[in-house]
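Observations on the model geometry
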Amino acid sequence: VVLNLSEKNDLPSELIDALQEVGNIGAGHAANALADILNRRIDLSLPKFNILSLEDLSTVSWGNKNEWDPYAFIMVETKGFFKFVVLVIFNKETLGSILKLVSGENIDPTNLDFDELSKFDQSAITEIGNILALHYLTAIGDFLEIKFKDEELPTQPSLVIETSEAVLLSLAANSSADFMHLISIECDIFASDMILKPVVALIPDNNTIIRARERLFS
Amino acid sequence: LSFFENIDTSLLKHVLAGNIKHDKPPYILQILGLGSCVAITFYHQKTKSGIMAHVVLPARDRDDILTPEFKGKYANTAVEELINWTKKNKFDLSEIKVKLVGGAKMFKNSVSDVLNISERNIESIKEEFFKYNIKIDKTELGGTKGRSILFNLENGEIRIFHAGGKLKAII
């Protein structure tokens, strides 16, 4: 394992374009699913894309005011020929809004205690993250013209509530890749009087990048 | 006690992933978000000098050219650099207080944890310590939660926080 911390290894640009398309399709699917669950009209902003490599991880911010504030990460991963980790990331504010939407209670995100989240809160967050993640995976599948087999699809989503650096670096160190590329898709969701700002991060492993490129362009 | 209580934030120096940094008071060395990574600190009380490495991976397993500030990346290159610092300053190794913090298992039951990096990081560091006959003074290792740390160079104390800024321990 050689994590490259000091230089950037760029993704092929045609693959970036392809992944952007995946992001657009995924965001649309995910929004429809959310509208169903929350029983609300949902509008979307245009997705914003970023390609991050390891060196960016310590400076990345997805909307929390303090750098020691945690984010909620819902992680799913595929097995098999195409390996992706999909992370759905909620900042403090968005987490508060989601809990407000599912519980109907008025929750002030600034007073939200992440260590004291109830089992109900945790499973609501995990479920909503999981739905977003799975719709992005479906979009990836559609785009690559593959159908993930049942055994390749994620089983249990995991919820980790931590600072972004701790999660992303651990993820990178645990992958056997020389480089870790993280494609982040930020797409604001407007639901009633609330704005949710989830970030979806796609992390393909190195072989998957090569295989996806072959599939798409040869 | 919150994360920055009684601390002048302008004195904080970040030790980013793979970095190794040394300093003296009034500065405070900081790592935000240690997950499976491990922080090694060496502290020399008499001169109030301290150094901290932010170790990301176990021993280096292939050639990978590291600039001096990135010697903290692997367990073996980090320990070697810490020893160099001790020698360069003519400190007696027996006068150095050594602490280890981190190595949490962040993802339970995940295929992304097959390499079990957190435990291997800790083991690798301990093997290197054994080689150089380094005694560990205090540790705060393992578990499933990430940590953020402040290494106070005035007294060598390390404050450990969980995400959100709650104090977990002082060692």
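Shown above is the structure to which this text applies.
Everything in this summary refers to the structure shown in the same document. (Residues numbered from 1 in each chain as written. Chains lettered and ligands numbered in written order. Predicted model: local features only at pLDDT ≥ 70, side-chain atom pairs only at ≥ 80, totals over all residues. Heavy atoms only, no water.)

Once that is clear, we can look at the pattern of salt bridges. Under the counting rule described, the total for this entry stands at 12 salt bridges over all chains. The shortest N-O distance in the salt bridge between Asp43(A) and Arg41(A) comes to 3.0 Å. Two residues, Asp188(A) and Lys197(A), come together in a salt bridge whose shortest N-O distance is 3.1 Å. Salt bridges here are not isolated pairs; linked through shared partners, they connect Glu140(B), Arg147(B) and Lys168(B). (Salt bridge = Lys/Arg side-chain N within 4 Å of Asp/Glu carboxyl O.)

Core analysis: the biggest nonpolar cluster contains 47 residues, and Ile42(A), Phe90(A), Ile125(A) and Leu202(A) have the highest contact counts within it. For Ile42(A), the residues in contact, after removing those within four places along its chain, are Ala31(A), Leu34(A), Ala35(A), Ile189(A), Phe190(A) and Ala191(A). Membership of the second largest hydrophobic core comes to 25 residues, among which are Ala17(B), Phe70(B), Ile149(B) and Leu153(B). (Core = buried A, V, L, I, M, F, W, Y, C linked by side-chain atoms within 4.5 Å. Buried < 20%, exposed > 50% of the residue type's maximum accessible area, 1.4 Å probe, protein only. Contact = heavy atoms within 4.5 Å.)

Attention now goes to the sheet that holds strand 10 (residues 166-170) of chain B. Picture the strands of a sheet paired through backbone hydrogen bonds; they go either parallel or antiparallel. Residues and elements named next belong to chain B. With mixed pairing, the five strands of this open sheet are ordered in space as 1-3-8-9-10. A single partner strand is all that each edge strand has here, and the edge strands are strand 1 (12-14) and strand 10. The sheet shows a mean angle of 30° between the axes of neighbouring strands, taken without regard to direction. (Pairing = 2+ DSSP bridges. Helix = DSSP H or I, 4+ residues; strand = E, 2+ residues; numbered from the N terminus. Axes fitted to C-alpha atoms, helices over the stretch in contact; angles between N-to-C directions.)

Once that is clear, we can look at helix 1 (residues 75-88) of chain B. All names here are of chain B. Under the 1.5 Å per step criterion, the end-to-end length of helix 1 is 20 Å for 14 residues, consistent within 8% with the ideal 20 Å. Of all the residues in helix 1, the buried ones are Ala75, Asn76, Thr77, Ala78, Val79, Leu82, Ile83, Trp85 and Thr86. Buried residues along helix 1 sit in contact with strand 2 (20-23), strand 4 (38-44), strand 5 (49-55), strand 6 (96-102) and helix 2 (117-132). (Expected span 1.5 Å × (residues − 1).)

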